[in-house]
Amino acid sequence: MRHAMAMIEVIFAIVIIAISVITIPTMMSISGEASKRIILDDDIMARLSAQMIDKFQARWGGEYVIDLNQSTATYISSLSSESDLNCSRPSAVGLGFRLNPDSNIECNLTQVPTEIPASLGNGANQADGNVSKGIEKLNGGTETLSIITSTGETLSINATYNVRYVPSGLTGMAGNTATATWRLGSSGTIDANNSGSMGDTESERTHLKRVVVRFWNNTLGIDSTLTFYKSNIGGN
């Protein structure tokens, strides 16, 4: 039977208690920072998703002739390379309806989708970020967003945009199932086509545009990519 602790046991116990006293606050701090990071990440993603929705509501293309006084109709564009979306149903001179019987909006035979700007600037064929002129005006640009989190912090997040026409046709039919392949964008290739096109030729301009947005802040370690597609099947 033992009646006392050996000196080595006492020293060992003191060391363990000392380590605990030192490390527990650190562990609590790390845990608190991790929880805060999760809250910030959730806040940031919620606000970035709202930013995407805001851009999604922009005009599909800047080629549209819009009469703000509503004295004349606003026409959608002719897509000559799309067999079911071109303006082949007869109407007035220079106008028509798309072959798709579900489309009842008139299109202008001389109004075609435009090439996506390759350079930034305020010129007629440049991307100036003004989506009221068409969603393609975002291409290649970067804007800084100010985000206020639920914890009261204000963060600056950069948003870099990539806009491309992408193939809109179906790639396979099996019974009642049709297949289409849409390739998403990525942060690492934000300037690349990724199976899309800027529409250098009219045949590459489909009714479907892909918008890739890279949200980033190197200091905060934020680098997220969100993608949405916008079609011009029914209107602008």
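What you are looking at is a predicted structure, and each value in this text was computed from that prediction instead of being measured.

Chemist: What's the story with the overall build of the protein chain in this structure? I'm lost.
Modeler: When its secondary structure is counted, the protein chain shows one helix and ten strands. Tracing the protein chain from N to C terminus, the helices and strands come up as α-β-β-β-β-β-β-β-β-β-β. Of all 236 residues assigned to the protein chain, the portion counted as buried reaches 35%. In the protein chain, once contacts between residues fewer than 6 apart in sequence are set aside, the share between residues at least 24 apart is 58%. Carbon together with sulfur atoms contributes 59% to the accessible area of the protein chain, which is approximately 13,700 Å² in total.

Chemist: How should I be thinking about the sheet that holds strand E1 (residues 76-77) in this particular structure?
Modeler: What links the strands of a sheet is backbone hydrogen bonding, and the strands pair in either a parallel or an antiparallel sense. Taken in spatial order, the four strands line up as E1-E4-E3-E2 in an open sheet, and their pairing is mixed. A single partner strand is all that each edge strand has here, and the edge strands are E1 and strand E2 (89-90). With two bridges joining them, E1 and strand E4 (residues 106-108) adopt parallel strand pairing. Each residue of the ladder has a partner; that of Ser77, found in E4, is Asn108.

Chemist: Where do I start with the environment of Tyr229 in this structure?
Modeler: Along the polypeptide, Tyr229 turns up in strand E10 (residues 222-231). With 21 residues separating them in the primary sequence, Tyr229 and Leu208 have C-alpha atoms 6.8 Å apart. A polar atom in the side chain of Tyr229 sits 3.0 Å from the backbone oxygen of Arg183.

Chemist: Got a minute to help me understand the packing of aromatic side chains in this structure?
Modeler: Where two aromatic rings form a pair, the distance of their centres and the angle of their planes describe that pair. The full count for this structure, using the stated rule, is three aromatic pairs. On the numbers, 6.2 Å between centres and 65° between planes, the contact of Trp60 with Tyr165 is edge-to-face. Remark: Tyr165 occurs in strand E6 (residues 154-165) and Trp60 occurs in the loop between helix H1 (7-56) and E1; sequence separation between them is 105 residues. A relative accessible area of 0% places Trp60 in the buried class. Exposure remark for Tyr165: the relative accessible area of 1% places this residue in the buried category. Considering the side-chain rings of Trp182 and Tyr229, the 4.6 Å spacing of their centres and the 40° angle between planes classify their relative orientation as tilted.

Chemist: Honestly, the nonpolar core in this entry has me stumped. Any pointers?
Modeler: As a rule of thumb, soluble globular proteins bury nonpolar side chains together. If you look at the biggest cluster of nonpolar residues, it comprises 27 residues, and the most contacted ones within it are Leu48, Ile135, Ile157, Val213 and Phe215. Elements that contribute at least two residues to this core include exactly H1, strand E5 (142-148), E6, strand E9 (208-217) and E10. Top element by residues in this core is E6. It accounts for six residues. Filtering out sequence-adjacent residues up to four positions away, Val213 remains in contact with Met52, Ala159, Thr160, Tyr161, Ser224, Thr225 and Leu226.

Chemist: How should I be thinking about the side chain of Arg164 in this particular structure?
Modeler: In this fold, Arg164 is placed in strand E6. Among buried charged residues, Arg164 stands out as having no salt bridge; its nearest opposite-charge side chain is Asp191, 6.6 Å away. At a separation of 3.0 Å, a polar atom in the side chain of Arg164 contacts the side chain of Asn139. Polar contacts involving the side chain of Arg164 include one to the side chain of Asn193, which spans 2.6 Å. Other than its neighbours up to four places away in sequence, Arg164 contacts Ile116, Asn139, Asp191, Ala192, Asn193, Gly196, Ser197, Met198, Leu208, Lys209 and Arg210.

Chemist: What is the right way to read the pattern of salt bridges from this model?
Modeler: When the charged atoms of two side chains lie near each other, side chains of opposite charge can form a pair. Scanning the model with the defined rule gives four salt bridges in all. In this structure, the salt-bridge partner of Glu143 is Lys55, at a minimum N-O distance of 3.3 Å. With Glu143 in strand E5 and Lys55 in helix H1, this residue pair connects regions lying 88 residues apart in the sequence.

Chemist: Can you help me understand the state of the cysteines in this one?
Modeler: Structurally, a disulfide amounts to a covalent bond that connects the sulfur atoms of two cysteines. Inspection of every chain in the model, using the stated rule, returns one disulfide. Paired through a disulfide, Cys87 and Cys107 show a sulfur-sulfur distance of 1.9 Å. Of this pair, Cys87 sits in the loop between E1 and E2 while Cys107 sits in strand E4; the two residues are 20 residues apart in sequence, bridging distant segments of the chain.

What counts, and where the lines are drawn
Residues numbered from 1 in each chain as written. Predicted model: local features only at pLDDT ≥ 70, side-chain atom pairs only at ≥ 80, totals over all residues. Heavy atoms only, no water. Helix = DSSP H or I, 4+ residues; strand = E, 2+ residues; numbered from the N terminus. Buried < 20%, exposed > 50% of the residue type's maximum accessible area, 1.4 Å probe, protein only. Contact = heavy atoms within 4.5 Å. Areas by Shrake-Rupley, 256 points an atom, 1.4 Å probe, with all protein chains shown as cover. Pairing = 2+ DSSP bridges. Polar contact = N/O pair within 3.5 Å; in protein donor to acceptor, adjacent residues only side chain to side chain. Phe/Tyr/Trp six-rings, centres within 6.5 Å; stacked < 30°, edge-to-face > 60°. Core = buried A, V, L, I, M, F, W, Y, C linked by side-chain atoms within 4.5 Å. Lys, Arg positive; Asp, Glu negative; His and termini not counted. Salt bridge = Lys/Arg side-chain N within 4 Å of Asp/Glu carboxyl O. Disulfide = S-S within 2.5 Å.

Geometric values such as these leave the question of function open.
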